Every structure is written in structure tokens, then in C-alpha cells.
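# Architecture at a glance
What follows is each chain in one-letter form.
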Amino acid sequence: MTASDTNGAAILWFKHDLRIDDHPGLAAASKYRAIVPLYVFDHRILSRFSDEMQEMVLFAVEDLRKSLRDLGSDLMIRFGSAENVIMELVKEVKATNIFAEEEVEYDLRMMMDVVKETLETVYSQEGSARLVLWQTPFFDMKNLKDLPASHDDFQKLQFPVTSPLAPPTLPSVKMELDWGPLPAFDDLKKFMTENWYGPQKSWTGIKETSAESVFQRVTLKPGESNRKDSSFRHYKTKQLPKSVFVTRKGDVVGGGTNTVLNALAAYLRYLEGTARDDWQEVHERLRNAETRNGASFIALFGPALCLGIISRRRVHYEALIYEKERNAGFLSPFGYSAATVAAAIDAVRSMEWYSLMSLKGLTSNEGSYPIRIWRWKGYLIQYTAFGHEGPAILLVHGFGAFLEHFRNNINGIAEGRNRVWSLTMVGFGKSDKPNVVYTEVVWAELLRDFIVDVVGEPVHLVGNSIGGYIVAIVACFWHALVKSVVLINSAGNVIPGYSSVPFTSERKTSGVSWLGARLLLFYLRLRLQDIVKNCYPSKPEQADDWLTNEMLRASYDPGVQVVLESIFTFNLSIPLNYLLEGFEEKVLIIQGMKDPISDSKSKLAMLKEHCAGVVIRELDAGHCPHDELPEVVNAIICDWVASVQSELHAESLL
């Protein structure tokens, strides 16, 4: 950066960095002669958020404006497309640089590219304005290329954590500008309605309805009330004057940076007790959100971290400061003295790891498929998309696998004039592995939201193993999203003559599941190659070193033990014949008859007897026919999809 550069004006474009504390972009922009902080209510950004998150944005933007004014600056507020707003503002203030945080999400990266291309069309005496991307470095790592593939290897390098930045001194506002008003929540909702972006409007209610509430509604007898659905009603107590739960729903910590820091201080000091009403409220919510050890942190603070109201390294810094206070200035090599400190530090370090992995995957061009990132409930989910025409197909992997398990299917199916998506579900591969209770319901709701948010149209769902069972849940609960179902050696049972189906999304972890997951992980690392090859009896060479090495790599990721605990709490009590009821004519079963995990002959016999209308294809393969006999499976899927599409077209003409 030269002296002539800083003589101009800079625009600081806030997106998911709604703070002045620990803000490298603000620090860089503060060196300019003039700085114009900007927040754009862009429908493409806001459409990704729930109503509660949009409400949190309003509180955070209001606090951000106040904080900037305290520094002698201000925050410009605009509505519309970011590229158009920024282009006009560049012309007005003759800005030479626009500072913006680098993004990992595919849609936001595409939007940033549009902004960059638009800026190249704006010329002044100083040339076209530049889009300058910045990051908040958590670890003192000079180059992203230094990031090892394995978290185990990464830990051995012991990169130190960098310190957060204090707010800089800003140049005073000397320009006469229209800074714009902050909208009310109702105004924001009206703007979003008038500038609709995203899924079909008829689908907007689908994401807001939980799997459990859908199931209980369809299984209620006429006149029967749903008394068990209390977990989906919200009982909001009267809000305290200094409550950190600022939204109408009041489920998560929100407000400005200082409010979130206050909540963090209360959270960390849970063991100490308090007479303060606002801290007591945090402690009560902590207990309610502690579905497993440490899960309360991400449940309460995840949205604030997602919006950048507080930075990850600020959380890390504050947690370590408190830990030292508890231990006379020392940090024990044997762990943290408070569970809340461990929960906060483990969460932000894990978030940073997956963010770095995602960014490296986007910039390194490694692998056979272009990786994209989708953020689901704050978690980074990897996916890929192939094909430019034809019906939409979504491939869903099994337990312990990832999108690349369809490495020999994605291209082959796309070449059959289809558009193919494949994702790595939360908890697997290189997708986030947050500290939550994993259930088949969580993964079903993930698929539902992916179809709505990313694909944007009904799909043909293809699932292997537990992925097949999850696909069946989606087809049962959200019919409008699914054209047909392909189950490849699916998990789940057939139960004849069932009268009632117990179902709940609530699961409790135990000491048995905790210990079992750790013993299982040790065993899997020791015998992984043999276990995988056993699932490929006809062509064991397909279970190659790359596949097993990638599974082994993922086994060292932070959070993997939590995912493995789900094996001991799975609830597969809803039988496949119930899930597929009324959908049978649109179901294809592909079964490897040498499956070492289940009795294929007995399962097919039960499916034929109790799921009339399903189409069955038997293959000389094991548990993963799609990877063992990819050419055969690809042809079967392509023919199936073409047949279903033809039937759907004929039905539409009636």
C-alpha cells in the first residue's frame, strides 16, 4: 500500500463481520484519508437467514452504527444489490479501494465476483477501484499451503493463536453523505417479500417445520390433540431489561459486541454462580442447551459468531484470560479447569479448522470435482454440482463416507443428460463436525434444506446405507421435494403389520456411548482397510488407498468422536415400508447381494411382500454397489430417472 493509495477514500463493506473489535479490515481501511463504512441489506445475503437471524442482523447493525459514531465515523445503510450500491458509492466518494472479508460460501463468492467485475467498469483518474479481501487470522500461519490435510498433523505443528485487535482510530467524517435510516423488522420483511430471492415461495414453510412435528401430524388420529409436541412450541418468559437474548424468539445470544461479550463472561463463569439477573438467565439457558457436554456454547453463541458480532479469536482470548484468572496466571498442560472454557475454546478452534480446510479446498483445485461450500445453520457443508441440463439428482453417502464416495458416479450420471449434486453431510468428510447430538432426523433436515436452498427444485434422491434411510425419511415427510427415490443397500427394516411407530428427535448421550465411540474409533483406525475391502467382495481393488486414506484422515478431525456416539443412539424404528408408503411406484431398490452388513435375500423378500410396486435390481456386489460396479449402477440410475421423468411428463398432460 503506497502513500498515494491512502490519500484516497476507502469503502469498508460489512457483511458477516458486524463489529469494530478485532476487525483487520477496519484496521486497514483506517489508514486512508477518508473511510465510508457500509452495510447493504442485500436480499441474496439475507435470504439465507431465518427470521430470528434477520432480527439479529438488525440489532447488530444498530450497535455497529453506534460504535462507529463513537469513533467519529458512521455507518451507511443501503438496500439493494451490493454491486449496484457499491458502484454508485464509489462514484460518489471517488473511492479507490473497497475492503471486504473473504468468503467461503459458493453463493457469496459468486456475488463477490459480480462486485469485482462491476468495479472494473468504474473508472476515475486513479483508475478502477479495487476489491481488497481480508481475513481474521486465527493461527499464526503464513501461508494456507502450510495447512496439512490431517488435523493430527496440524496439531503437531503447534501454530500459535494470534491476539485480537483493538478498534483503531478512524478519520473523522468530512463528506456530506446520506447515511440512510436503520429499518424496523417489519420494513425488512417487506423488503424481502418484494425482492424475493431463493427457493420457490410455496416451499418457504417447509424448512420451518421440523421432522418430528410433521410425523406427529400425519400419524394423529382424527380429533386427537398433539400434546407431545411441546418441544416445538416456544414459551418466552418476560424479557429482562439487560437480557442478552434480544430477539422475539429469544433462543440465542444476540445484540452488539459488548452484549455478546457480557454473555460470554457469564457463560465462562457458570461455576461461580451470580446474583446478576442477566447472568442467571445465561446460566439457565446454558443448562437447557447442554444436550451433551459442551454443546451449549455453539447452541447459544453460534449465530453471533456466524454474523461476526464477535470473532473466534476474541472468544479464544477471553476464555484463556479467564482460565488464567482461575489458575494464578498459569495454563495447565492437563486441560482446562472449567467445562465452559473447554467448550468455548474447542468450538472456535474446530470452527477455524473447518474454515481453513474449506478455503484451501476452494483455492487449491485439488481433487476431481470443484468443491463448493454451503452454510447450514452456521456449519460449513461441502458439495459439488455437475451437469447443465436435465433432471436434478442428489447423491447421499452412507455413514463415515463423503461426497467423493460417488467419485465414479457423478460424471457418469451427469453425462446421461442429468444435473447431479453430491454433498458431504454434517459430521463427515471435510464438512463441519460441530458438538451437537447427531440423529437421522438432523441429517434428514439437512437434506431438506439443501434441496430447498441449493438445488431449488424437486430431485431424484439416491442414498447408500444410512443415506438411503435418510432419503426415505425426506421422501416421507416432504413429498413435494422428491420425484423418486433410489435406495442402494439401504439401512432400515421392514416391519409387517405395524400399528404405531414411536418417533422422537430427542436423544440423550451416556457414558456407554461416550466410551463406545472411543473404542470404536480406535478399532476403526486399526482395521479400516480390511473393513472397507470387506464391503467390496466382488471388486476389492475398488476399495483403494485413496478411499481408505481419506476416511482415516477424517477420523482425526475435531468432533469425530461426537459423531461416532450417534451410532449408539440411532433410532431406525420407523420401518421402510411406512416411510415408502404411497411412494412405492417411485422407488428403485439397488441391492448388492453380497452385502456383509445385512441379509440381502431376506430384506428383499420383505420389501417385495410389504412394499408393493417398488422396482428391485439385484447386483453381484457388496454394501457399496455404486462404487464397486459404478458403470452398471450409473446406467441403472440414468434409465430409472428417464423412465420416471417420462411418467411425470405424461401425468402432467392429463
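Here is a short report on the structure shown in this document. Just so we're clear, the structure is a prediction, and the values are computed from it rather than from any experiment. (Residues numbered from 1 in each chain as written. Predicted model: local features only at pLDDT ≥ 70, side-chain atom pairs only at ≥ 80, totals over all residues. Heavy atoms only, no water.)

### So, the side chain of S358
In this fold, S358 is placed in helix α14 (residues 339-364). A polar contact of 2.8 Å, which involves the side chain of S358, links it to the backbone oxygen of Y354. For S358, the residues in contact, after removing those within four places along its chain, are I373, L380 and Q382. (Helix = DSSP H or I, 4+ residues; strand = E, 2+ residues; numbered from the N terminus. Polar contact = N/O pair within 3.5 Å; in protein donor to acceptor, adjacent residues only side chain to side chain. Contact = heavy atoms within 4.5 Å.)

### Side note on the sheet that holds strand β2 (residues 34-41)
Strand pairing in a sheet is mediated by backbone hydrogen bonds. Such pairs are either parallel or antiparallel. Pairing in this open sheet of five strands is parallel, and the strands run β3-β2-β1-β4-β5 from one edge to the other. Unpaired on one side and paired on the other, β3 (76-79) and β5 (130-134) mark the two borders of the sheet. Averaged over neighbouring strand pairs, the angle between their axes works out to 30° when direction is ignored. Two elements, strand β1 (residues 9-14) and β2, share six bridges in a ladder whose sense is parallel. Among the inter-strand pairings, I11 is bridged to a residue of β2, identified as V36. Packing against the sheet, helix α5 (residues 82-93) makes contact with β1, β2, β3 and β4 (95-101), and its axis sits at approximately 160° to β2. (Pairing = 2+ DSSP bridges. Axes fitted to C-alpha atoms, helices over the stretch in contact; angles between N-to-C directions.)

### Quick notes on the nonpolar core
Counting 169 residues, the largest nonpolar core has W13, F297 and L394 as its most contacted members. Looking at which element gives the most residues to this core, the answer is α14, with eleven residues. Once residues lying within four places of it in the same chain are set aside, the contact partners of W13 are L38, V40, A82, I86, I98, F99, A100, M111, M112 and V115. Counting residues in hydrophobic clusters, the runner-up holds 23 residues, among them L395, A414, I590 and C638. (Core = buried A, V, L, I, M, F, W, Y, C linked by side-chain atoms within 4.5 Å. Buried < 20%, exposed > 50% of the residue type's maximum accessible area, 1.4 Å probe, protein only.)

### What to know about the pattern of salt bridges
A full pass over the atoms with the stated rule returns 37 salt bridges. Residues R375 and E105 are paired through a salt bridge, measuring 3.0 Å at the closest nitrogen-oxygen approach. Here E105 lies in the loop between β4 and α6 (106-119) and R375 lies in strand β6 (residues 372-376), a separation of 270 residues in the sequence. E105 gets classed as buried once you look at its relative accessible area, which sits at 6%. In this structure, R407 and D544 form a salt bridge, with 3.0 Å as the shortest nitrogen-oxygen distance. A residue pair is termed long-range when its members are at least 10 positions apart, and R407 in the loop between β8 (392-396) and α15 (410-414) and D544 in the loop between α18 (511-534) and α19 (545-554) qualify at 137 residues. (Salt bridge = Lys/Arg side-chain N within 4 Å of Asp/Glu carboxyl O.)

### Overview of the side chain of D278
Within the secondary structure, D278 sits in helix α11 (residues 277-289). In terms of polar contacts, D278 uses its side chain to reach the side chain of N262, at 3.2 Å. One polar contact links D278 to R276, side chain to side chain, over a distance of 2.8 Å. Not counting residues up to four positions away in its chain, the partners in contact with D278 are L240, K242 and N262.

### Let's talk about the sheet that holds β8
Strand order in this open sheet of eight strands is β6-β7-β9-β8-β10-β11-β12-β13, and the pairing throughout is mixed. The open sheet has two edge strands with one neighbour each: β6 and β13 (615-619). Pairs of neighbouring strands in the sheet enclose a mean axial angle of 20°, with direction left out of account. Pairing of strand β10 (residues 459-464) with strand β11 (residues 482-488) involves six bridges; the strand directions are parallel. Bridge assignment links H460 to a residue of β11, and that residue is S484. Against the sheet, α14 touches β6 and β7 (379-386), its axis set at about 20° to β7.

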